[in-house]
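Chain and residue survey
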Amino acid sequence: MPKVKYMRLCWGVYRPLEVGTFIPTPKHIAGKRAVVNINSMDNYCFQYSVLAGMNPISVNSHQHKNRLYVYKPFMHMLNMEGIQSPVPLSSIGKFESQNPDISVNVLYHDGNQIIYIRTSTFTDQRKHHVTLLMITDGNEKFHYLSVQSMSRLISTGAKYKNKYYVCHYCLYPFRKEGRLEEHKLMCKQHQSQLIR
Ligand SMILES: [Zn+2]
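About the cut-offs
- Residues numbered from 1 in each chain as written.
- Predicted model: local features only at pLDDT ≥ 70, side-chain atom pairs only at ≥ 80, totals over all residues.
- Heavy atoms only, no water.
- Buried < 20%, exposed > 50% of the residue type's maximum accessible area, 1.4 Å probe, protein only.
- Helix = DSSP H or I, 4+ residues; strand = E, 2+ residues; numbered from the N terminus.
- Arc of directions from axis to C-beta.
- Contact = heavy atoms within 4.5 Å.
- Donors = N, O, S within 2.8 Å, 3.2 Å for Na, K, Ca; no water.
- Tetrahedral: all angles 85-135°; square planar, octahedral: opposite > 155°, others 65-115°.
- Patch = residues over 30% accessible without salt bridge, like charges linked within 9 Å, V, L, I, M, F, W, Y side chains within 5 Å.
- Areas by Shrake-Rupley, 256 points an atom, 1.4 Å probe, with all protein chains shown as cover.
- Salt bridge = Lys/Arg side-chain N within 4 Å of Asp/Glu carboxyl O.
- Core = buried A, V, L, I, M, F, W, Y, C linked by side-chain atoms within 4.5 Å.

Moving on to helix α6 (residues 177–187). The complete set of buried residues in α6 reads Leu180, His183, Lys184 and Cys187. The buried residues of α6 occupy an angular sector of 110° when the element is viewed end-on, so they sit on one face. Facing away from the buried side of α6 by more than 90 degrees, the exposed set consists of Glu182, Leu185 and Met186. Each element contacted by the buried residues of α6 is listed here: β7 (165–166) and β8 (173–174).

Shown next, in the form of structure tokens:
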């Protein structure tokens, strides 16, 4: 007869990662005019940000890219079947497999730097490639923004006005598109990384 000799119970407050509730764009990023932060209080920031990256026809010339009503009519373009909202990073693979025209990369902003936390294996292979920026409120809450210009997002200071071709895999900025293409052949063999 087995006996329980000792048992210890530990507990703490469960605080799941909360995605989706609105967080304002950090000031130094907002100033670059490189991202769109869709103003919503619901859990669909992933969907809105993906649509903002896909630029459906009427959004393209739209001046209110940060407004919810711009995206609502296009929600049906995304197959979200079986995917919970707010959408966790771990569900983006499923999203890509049931939305075969879309690939999704995710950058993460941690206060000082911007890094890739998800590089799609379908990067550059699908009709729509979108890049999202995940920001945090400093606690458990996360929020997705749509990256509209990688060039403006990664350039700083005096270099701000230059146009860069940014590697989707390592974020390295190139002045010439041809150099980026050469580099990408090598770079995409490795997963997300940061080159300084
Ligand atoms: Zn690279």
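Picking up where we left off.
Let us look at the coordination of the zinc ion. Binding of the zinc ion to the protein goes through Cys167 (SG), Cys170 (SG), His183 (NE2) and Cys187 (SG), at separations of 2.0 to 2.3 Å. Here the zinc ion is ringed by four donor atoms whose angles at the metal span 104 to 113°, and the overall shape comes out tetrahedral. Spacing between the donor residues of the zinc ion along the chain follows C-x2-C-x12-H-x3-C. Separated by 13 residues along the polypeptide, cysteine 170 in the loop between β7 and β8 and histidine 183 in helix α6 bring together distant segments of the chain. Histidine 183 carries the same exposure label as cysteine 170, and that label is buried.

Together, Val4, Met7 and Leu9 make up a nonpolar patch on the protein surface, roughly 390 Å² of accessible area in all. Within the secondary structure layout, valine 4 lies in the segment before β1 (18–19).

Core analysis: the biggest nonpolar cluster contains 27 residues, and Phe46, Val50, Phe95 and Val104 have the highest contact counts within it. At the level of elements, α2 (45–54), α4 (92–98), β3 (102–109), β5 (128–136) and β6 (141–147) are the ones that each hand at least two residues to this core. When residues in this core are grouped by element, the largest group, seven residues, is from α2. When residues no more than four places from it in sequence are discounted, the contact partners of phenylalanine 46 are Met80, Val87, Ile92, Phe95, Val104, Leu132 and Tyr144. In this structure, Leu145, Met150, Tyr164 and Val166 belong to the second largest nonpolar core, which totals 16 residues.

From the geometry alone we can't say anything about function, so treat these as descriptive.
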